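# Structural overview for review
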Amino acid sequence: MDTSQGTFPRAFPMTDAADIPDEVQVLIAGGGPSGLFLALDLASRGVASTVVEPRTGVDHTRPRAKTTNARTMTHLRRLGLAGALRDASPLPVDYAQDVIFCTGLTGPAAHELRRFRNAFQLVPGRYGPQPEGGQQVPQPVLEEVLRAAVDSHPLVTLVTGWSVTEVHEAGDTARAAHTAVVSNGTSAAARTIAAEYVIGADGGSSAVRRSLGIRLEGGSAALSNISILFRSESLAPAITLDPAVQYWVVGSGTSGMVGPMDLDGTWWAIVQGVDPSVTVSTEDAGAMVRALVGAEVDIEVLATDPWTARMLLAPHYSRGTIFLVGDAAHLNPPWGGHGFNTCIGDAANLAWKLAATINGWGGPALLASYGQERRPVADRTIGDAARNGKALAYHFADPELAASGPAGDAARHTAREALAVKQSEFDSLGLVLGYAYTGSPLVVPDGLPVPPEDPIHYVPSASPGALLPHAWLAESFSLYSALGPGFTLLADAGALGGVPADEAFAPVVEAAARQGIPVTVAAVGPSGNGTRLSELWGADAVLVRPDQHVAWRGNSATAAAAALSVAAGRLPGLPQEAAASGTAHLPVTEIPAADFPAPEFPARSTRVDAVIP
């Protein structure tokens, strides 16, 4: 089966022990989406890394994540990979953008109950809130796009067929070695990789997290689900409803979801509310699919995958120079498609901070802010997904839904009204774009009101900590295209009175040069409809971080220069020369507790030894 349109390698050979490097600066345990993205983001900032991944290839029969949201697509755009992913996707955005709740897919008993349009930010053509809209694409296809990019990048080494099984922490001596035990499943002799940083991107059963003694906390759903991948030649022509990326079937017997994997007869289904003690055979799975679609269509079951939704979160995301990313730090229920996208958000947040520290301009508060910023995002996302998990298809089942006549009409009207509760699962722009690092030590608050958190409604805001509000400028130029690889001082061109931006904000340029911080200064605006960007921002200028979040907004060049030091993780009163030299490794605990959240670890440089059999 080939569900992708790209020409990517199906598998890498197991890495020979002799080809494994003896010493690396960054060791990433796990080469799934978050580990690969982190490696590529680091590489884009000039930092080399080695990724250790037990799988030599990806498994197209378990396409778990299928939704790449607008924020993740924008991250991929920053790395030059958004177009490659869209080209590889077997389901173009133009095919369908809606989620339809229904009583079935075929025949006269198939009634549409409610429709959620442009679900998951699926919008053909130009998207407004971000430079990129969403994309439906199976996770294996995404991984192959990332693997191909990794394979061609000289700063990333992908070690396949090996896995990190244990990490032993070092003592407090500067540059003392941790030890990571790694196995290839054989009894071959061990060898060592020395590294300064270890990132656990090795999934929900993370060996890195277990080695740190950190346990995921939370719970699981009472009932399980079963994912079914199947082929059918007759299903597509038999469907009497409009095209959709997901059909949620509210059935009195079997309830769940069905959606196209590609345009060539490959489909996926998720049957919800399955007794976890019951073993589902291939024949049972085929019968479940036929019950969902409502017809005796041909079904070739390719794979089944039972699973239970989990709501789990690590109490800490790091210790010393060891970090947890993605599923190693949190497990999200899949409702809303946020799990994989939250993982990419983790990697994007950590990448620029780790690169800044390695490249010598990041201050001692920088790496400590990773968990401080990302853990609340995961907590909020898990909470919303868990609430959606309490309103699955079978919760709306009613035998009258498929009936004709007044009784059926009344039941369908009732269901339509009740299904309004599902809006935040499919129209979740407030979760996708509306999260903000308001309490972070890296942002300078301005005391102005911030938009309230809402999972559905996104209010673009340049409040410090928020995502930079996007705008399309003249000639369809994205505001995000004006951002540099480091920090960017964006000034409203209309507010400069003809003075060049780098002259008007000379203190920022001088502070950046003095401290070795990469900064781009740019005059921008107005928007394509003539609106001045200062109206969008609530100030004449904004300082934007490398991850596209606002660190400061205001009108004073002097204040912007001072904010640059804070945004780079410098401690108040730290001599600029010492910070720029990379010798300023003061403990993060010296940040006043009244001003910033308690840090997770002291900033220090540590070696890590990976012992590989």
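Now for a description of the structure that goes with this document. As the structure is a prediction and not an experimental result, all values here were calculated from the model.

### Section: the sheet that holds strand β15 (residues 256-260)
- The sheet built from 7 strands is open, its strands ordered β5-β4-β14-β15-β16-β13-β17 with mixed pairing. Taken across any chain shown, the strands that pair with only one partner, and hence form the sheet edges, are β5 (112-116) and β17 (300-307). The mean inter-strand angle of the sheet, taken between neighbouring strand axes irrespective of direction, is 20°.
- The sheet contact formed by strand β4 (residues 99-102) and β5 spans 4 bridges and is antiparallel. Within the sheet, the bridge partner assigned to Val-99 lies in β5 and is Phe-116.
- On top of the sheet, helix α7 (residues 282-293) reaches β13 (224-231), β14 (246-249), β15, β16 (266-274) and β17; it is set at about 85° to β13, its chief contact.

### Remarks on helix α10 (residues 405-418)
- An ideal rise of 1.5 Å per residue puts 20 Å on 14 residues; α10 measures up with 20 Å between its terminal C-alpha atoms.
- Of the surrounding secondary structure, the elements contacted by the buried residues of α10 are β5.

### Section: the nonpolar core
- Val-26, Leu-76 and Ile-199 are the most contacted members of the largest nonpolar core, which has 72 residues in total.
- Counting residues per element, this core draws most heavily on helix α8 (residues 339-358), which supplies 9 residues.
- Counting residues in hydrophobic clusters, the runner-up holds 30 residues, among them Leu-122, Trp-335, Ala-415 and Phe-426.

### Observations concerning the side chain of Asn-332
- With respect to the helices and strands, Asn-332 occurs in the loop between β21 (330-331) and α8.
- At a separation of 3.1 Å, a polar atom in the side chain of Asn-332 contacts the side chain of His-330.
- In contact with Asn-332, not counting residues within four places along its chain, are Arg-310, His-338, Gly-339, Thr-342, Thr-381 and Ile-382.

### Some thoughts on the environment of Gly-494
- By the element assignment, Gly-494 lies in the loop between β24 (487-492) and α13 (501-504).
- Accessibility expressed as a relative area gives 48% for Gly-494, which makes it partly exposed.
- For the pair formed by Gly-494 and Val-524, sequence separation is 30 residues and the distance between their alpha carbons is 8.3 Å.

### Notes on the packing of helix α1 (residues 33-44) against α8
- Their axes nearest at 8 Å, the elements α1 and α8 cross at an angle of 30°. Put simply, α1 runs roughly parallel to α8. Along this stretch, α1 crosses α8, giving a crossing that reads as right-handed. Of α8, the residues touching α1 (which contributes Pro-33, Ser-34, Phe-37, Leu-38, Asp-41 and Leu-42) are Phe-340, Cys-343, Ile-344, Ala-347, Ala-348, Leu-350, Ala-351, Leu-354 and Ala-355.
- Of the residues belonging to the contact of α1 with α8, the class tally is 13 nonpolar, 1 polar and 1 charged.

### Observations concerning the sheet that holds strand β26 (residues 541-544)
- On the basis of which strands lie adjacent, the open sheet formed by 4 strands has the order β25-β24-β26-β27 and mixed pairing. Of all the strands in the sheet, the pair left with one neighbour each is β25 (519-524) and β27 (550-554). Averaged over all adjacent pairs, the angle separating strand axes in this sheet is 15°, with direction ignored.
- The pairing of β24 with β26 spans 4 bridges and is antiparallel. The residue bridging Leu-489 from the neighbouring strand is Leu-543, located in β26.

### So, the packing of α1 against helix α4 (residues 139-151)
- Two numbers describe how α1 lies on α4: the axes approach to 10 Å, and their chain directions differ by 30°. By the angle between their directions, the pair α1 and α4 is classed as roughly parallel. When the axes of α1 and α4 are compared, the crossing they make is left-handed. Touching Pro-33, Leu-36, Phe-37 and Leu-40 of α1 are Gln-139, Leu-142, Glu-143, Leu-146, Arg-147, Ala-149 and Val-150, all from α4.
- Considered class by class, the residues forming the contact of α1 with α4 number 8 nonpolar, 1 polar and 2 charged.

### Side note on the packing of aromatic side chains
- In the structure shown here, the tally under the stated rule is 13 aromatic pairs.
- Look at Trp-361 and Phe-487: their rings are 5.9 Å apart centre to centre, the planes differ by 70°, and that puts the pair in the edge-to-face class. Residue Trp-361 is located in the loop between α8 and α9 (369-388), and its partner Phe-487 is located in strand β24; the two are separated by 126 residues in the primary sequence. Just as Trp-361 is buried, Phe-487 falls in that class too.
- Taken together, a centroid distance of 5.8 Å and an interplanar angle of 55° make the contact between Tyr-435 and Tyr-437 tilted. The same class applies to Tyr-435 as to Tyr-437, namely buried.
- An aromatic cluster of three or more residues is present, and its members are Phe-101, Phe-116, Phe-120, Trp-248, Trp-307, Trp-335 and Phe-426.

### What about the environment of Pro-140?
- Tracing the backbone shows Pro-140 in helix α4.
- Residue Pro-140 is classed as buried on the basis of its relative accessible area, which comes to 4%.
- Through-space distance from the C-alpha of Pro-140 to that of Gly-32 is 9.4 Å; in sequence the pair is 108 residues apart.
- Ignoring anything within four residues of it in the chain, the contact list for Pro-140 reads Val-58, Asp-59, His-60, Arg-62 and Pro-63.

What counts and what doesn't
- Residues numbered from 1 in each chain as written.
- Predicted model: local features only at pLDDT ≥ 70, side-chain atom pairs only at ≥ 80, totals over all residues.
- Heavy atoms only, no water.
- Pairing = 2+ DSSP bridges.
- Helix = DSSP H or I, 4+ residues; strand = E, 2+ residues; numbered from the N terminus.
- Axes fitted to C-alpha atoms, helices over the stretch in contact; angles between N-to-C directions.
- Contact = heavy atoms within 4.5 Å.
- Expected span 1.5 Å × (residues − 1).
- Core = buried A, V, L, I, M, F, W, Y, C linked by side-chain atoms within 4.5 Å.
- Buried < 20%, exposed > 50% of the residue type's maximum accessible area, 1.4 Å probe, protein only.
- Polar contact = N/O pair within 3.5 Å; in protein donor to acceptor, adjacent residues only side chain to side chain.
- Parallel < 35°, antiparallel > 145°, perpendicular 65-115°, else oblique.
- Left-handed = near helix turned anticlockwise from the far one by under 90°.
- Nonpolar A, V, L, I, M, F, W, Y, C, P; charged D, E, K, R; others polar.
- Phe/Tyr/Trp six-rings, centres within 6.5 Å; stacked < 30°, edge-to-face > 60°.

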